[in-house]
Structures are given as structure tokens and as C-alpha cells.
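An overview of the molecular structure
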Amino acid sequence: MGTHGDNTGTNWPTGLDTASAEIDSPSASKTKARAAVPNDISAAVVAVQTNLRSGIWVYDNAYTSLQASITAAAGKTLILTKPWTLDANTTIGATVSVFPFQSGVINSGGYTLTINGSIVGNPMHQWLSGFAAGDVTFGSLISQANTLWVGTGETSINIINSALVVGGIIKKNVGIENIASSILLNVNQSVGLEGSGISQMASTNGTTIKKSANFSPSITISAELCSVKNLKLDCDNKTGHGILLQNIEATLEDLFIQKVGGTGTAIKLDQSSYSHLKRIKMKDCYKGIDIGGATGSQAVTIEYLSCTIDNPSTQSDAFTIENTSSGLFKSLHLDTATGGRAIQINGNNSDLQFIGIYTEEGGVRTVPTIEIGGTGNKNISFDGVYLR
């Protein structure tokens, strides 16, 4: 092959190299291939490798420090192929894309890491190790991050939550994730925790977050406009609330919450306004949903909610609301034990609308199915209530 006519193997080949005369060697009629042909082929391969390596990719293993490889990768993609330990607070610029191989891991070394560039290659393994919440920061080019990147359990979720300083999605894969302390969506606004599907009681399909100890609550949302979607929360009969929305607007969708033990509530809205809950299933929890707080909640919307409390020893309520102004509650299926109310309205409430309510109990109720208490309630309406 030839290389722009010079046959030196220093540039890209453009065709067969036939410029030199044939050499009869070792004798006439026994001609061997000229050395220029295999040499030019080899040179072409080297040229391709060089351009791929230095043109758009930078491999970290060609450098003696991670910082040197980051500097060299400006405007390119940095391939992480080996483990590194930070020796200073480190920033990867917005013009550097990071492609972590399975063998490429960045260890904290007690320092912080800021990644302003994009993450490419859809890594599905841990490539950030030893970091704590607040040690890692993602720029605006990273709008979704998998907890697998940083580890397991509630620690991995909390690290990703704190890293998404401009908001984004914390992604959970299929499988069971055990947590020993609270998941906190409490730092950055507009962060969503999203699983990969929900499942029934004993099923292991989809994403399950499972409590392994007594603590309350399992998930706390105290930053504005955050969300939890598309997963199962298995409290495994441990004590403490399931999900707490505190002083914020939030969204809960496509959730199954089960086995909230002690005197815990599956979902508690404490002074939460403009929150939206949709397609929520709760089963075998001590208490279903509690809306209100000391100063109340307002403008709460709940659609397609199911609460089943089958345990006859649990004489608690499925749906409790107090000190709340403005609420729309549609398509509620509330199944309690004989000593539990389907709906209990306490305190001072106004402008609450219930549409499409189905209730049943496992025997003869010893308390009202729907009870409205307090002296300051006004404009509370029910449309389409089925009592069984």
C-alpha cells in the first residue's frame, strides 16, 4: 500500500504502492514481495491507532497522574482503564467526556471530585469509590446518574442526591436494595428517585428498597419539587414512617409501600403544599396516609390510591387529614380492619373534594367508616362513595 506517494509509512495510505521496480530475489522468476508493502500496511495500522488514540480518545494509562490525563483530554473523551486515588480536590472540565471501563475506578483519597463534563458509555458498575455525600458534584451535563456508580444502599442514593446540584434523576436498577438509615432528598431541588418497575408483595421483579433496621422515616423529602417514582418500598415490619414529605411540594407516582411496622404511616404529608400523589398502593401498613401537620397542608392532589390493612390487630385508619385547605382526592380504595376508619377528617379543613371512594372492612366496624371531627371544617364534599 502507498502513503500519499512517498511510501514512507508516515501518513494515511491511499492505494497500492507500485512505485518501486520489482526486485528479483533471490533470483529471476523467484520474486519475493517487496518490503514496502507489509511495511506500509503496518504503518497504516499504526496511523489508525494513533489517530483514534490521540484524535478523539485519551487513555488514562498513557499518563502518570489522573490530572495529567484530564488535562490532555480537553475537547476529547477520557477513557478510564485503571484505578486512581485522588491526591487533591479534582475537577474534570465541561469539555472532557468521561468513559469509565470496568477496570477504571476513581478512589476519593479523602478529596472531592467535580465532574462538569458528560459521562458516556452508560457505565453499569461502580467507578467512584470511597466518597461520602457532598464529596462528588455533577455539572449540568449530567442529568441522570445511576447509584451503581458510587456503591450500594442508602449511602449511594444520598451521594448521588447531593451530587445533582442542578437537579436530575437518581436511577435505581432492578433488584433489592437494603437500607439501614434514611434516604434523604433534602439538599437540591428538582431531584427524582426513580426505580425500574414495581412488583407485588413477595415478588423480586422491578426495584425494591427494603428496610433492614428500625428508623424513621425510610425516605424523607424536604427539598422542593423532588419526586419518588416507579419502585416498591418494603418496610419489612420495621418501625417508622415510609415516606415523609416535609414543608415542600413533591410528587409520588407508581409506588407500592408495604409492611410499615410499629405505629408508622406509609405516607405522611407534614405541611406539604401543592404535592401530587398518583397510582399509590399500600398494604399491611400500620396506617395508610396522613395529611396535615401543625400548620396544615394545602392544594394536595391524590389520584388512584389503594390502602389495604388486613391485620385485625391493626386498628388504625387508612386516610387521615387535618388542618388542610384545598384538596382533591379521586379514586380511593380503602380497606381497613374493623377498628380502623376508612377516612378520618380532624381539625380545621376547608375545600376538600372526595370523588369515587370505595371502602370495605374485614368484619363489622366498631368505628365510623368516614368520620368528620373538629369544629372548623367547611366545604367538604363526597361524590360517588361506595361503603361495603
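Before reading further, recall that the structure is shown in the block above.
Keep in mind it's a predicted model, so treat the numbers as computed, not measured. (Residues numbered from 1 in each chain as written. Predicted model: local features only at pLDDT ≥ 70, side-chain atom pairs only at ≥ 80, totals over all residues. Heavy atoms only, no water.)

All right, on to the nonpolar core then. Note on soluble globular proteins: their nonpolar side chains tend to be buried together. The biggest cluster of nonpolar side chains holds 79 residues, and the ones touching the most others in it are Ile221 and Phe319. Other than its neighbours up to four places away in sequence, Phe319 contacts Ile289, Ile291, Ile302, Phe329, Leu332, Leu334, Ala342, Ile343, Gln344 and Phe354. (Core = buried A, V, L, I, M, F, W, Y, C linked by side-chain atoms within 4.5 Å. Buried < 20%, exposed > 50% of the residue type's maximum accessible area, 1.4 Å probe, protein only. Contact = heavy atoms within 4.5 Å.)

The step from Ser216 to Pro217 runs through a cis peptide bond, and the omega angle for that step is -10°. Even without being glycine, Asp284 reaches a positive phi, approximately 55°. Counting through the fold element by element, Asp284 comes out in the loop between strand E21 (276-283) and strand E22 (287-292). A residue is classified by how much of its surface remains accessible, and Asp284, at 30% relative accessible area, is partly exposed. (Helix = DSSP H or I, 4+ residues; strand = E, 2+ residues; numbered from the N terminus.)

Checked against the element boundaries, Thr207 lands in strand E15 (residues 207-211). Under the relative-accessibility criterion, Thr207 is labelled buried at 0%. For Thr207, the contacting residues outside a window of four places in its chain are Lys172, Asn173, Val174, Gly175, Gly195, Ser196, Gly197, Leu231 and Lys232.

Right, let's get into the environment of Ser97. Its location among the elements puts Ser97 in strand E5 (residues 97-100). The exposure class of Ser97 is buried, given its relative accessible area of 18%. On a C-alpha basis, the gap between Ser97 and Ile119 in space is 5.8 Å, while along the polypeptide they are 22 residues apart. Excluding its chain neighbours within four sequence positions, the residues that come into contact with Ser97 are Lys76, Thr77, Leu78, Ser118 and Val120.

Another point: the sheet that holds strand E16 (residues 219-221). Strand order in the open sheet formed by 8 strands is E13-E16-E18-E20-E22-E24-E26-E28, and the pairing between neighbours is parallel. Looking at which strands have only one partner, the edges of the open sheet turn out to be strand E13 (183-185) and strand E28 (370-372). Shown here is a sheet whose adjacent strand axes are inclined to one another by a mean of 10°, direction ignored. One ladder, built from 3 bridges, connects E16 with strand E18 (residues 243-246); its direction is parallel. Within E18, the residue paired with Thr220 across the bridge is Leu244. (Pairing = 2+ DSSP bridges. Axes fitted to C-alpha atoms, helices over the stretch in contact; angles between N-to-C directions.)

As a further point, take the packing of aromatic side chains. Taken as a whole, this structure holds 9 aromatic pairs when the rule is applied. Here the aromatic rings of Trp57 and Phe99 are separated by 6.3 Å at their centres, their planes lie at 50°, and the arrangement is tilted. Placement of the pair is Trp57 in strand E1 (residues 57-59) and Phe99 in strand E5, with a sequence separation of 42 residues. The partly exposed category is assigned to Trp57, whose relative accessible area is 27%. Of the residues examined, Phe99 reaches a relative accessible area of 23% and is grouped as partly exposed. Ring centres 5.0 Å apart and planes at 10° place the aromatic pair Tyr358 and Tyr386 in the stacked group. (Phe/Tyr/Trp six-rings, centres within 6.5 Å; stacked < 30°, edge-to-face > 60°.)

This part covers the pattern of salt bridges. Going through the model one piece at a time under the given rule, you end up with 8 salt bridges. In this structure, Glu253 and Arg279 form a salt bridge, with 3.9 Å as the shortest nitrogen-oxygen distance. With Glu253 in strand E19 (residues 250-258) and Arg279 in strand E21, this pair connects stretches of sequence that are 26 residues apart. A salt bridge links Asp290 to Lys268, with the shortest nitrogen-to-oxygen separation between them at 3.4 Å. Of this pair, Asp290 sits in strand E22 while Lys268 sits in strand E20 (residues 265-270), placing them 22 residues apart in sequence. For Lys268, a relative accessible area of 21% translates into the label partly exposed. Here the salt bridges share partners, and the residues they tie into one network are Glu253, Asp254 and Arg279. (Salt bridge = Lys/Arg side-chain N within 4 Å of Asp/Glu carboxyl O.)

Below, the discussion takes up the sheet that holds strand E7 (residues 113-115). Overall, parallel pairing links the 3 strands, which are arranged E4-E7-E9 in an open sheet. Two strands in the sheet have a free side with no partner beyond their single neighbour: strand E4 (90-92) and strand E9 (136-138). On average, adjacent strands in this sheet sit at an angle of 10° to one another, irrespective of strand direction. Relative to E9, E7 runs parallel, the two sharing 3 bridges. Within E9, the residue paired with Thr114 across the bridge is Thr137.

Everything listed is a geometric property; what it means functionally is a separate question.
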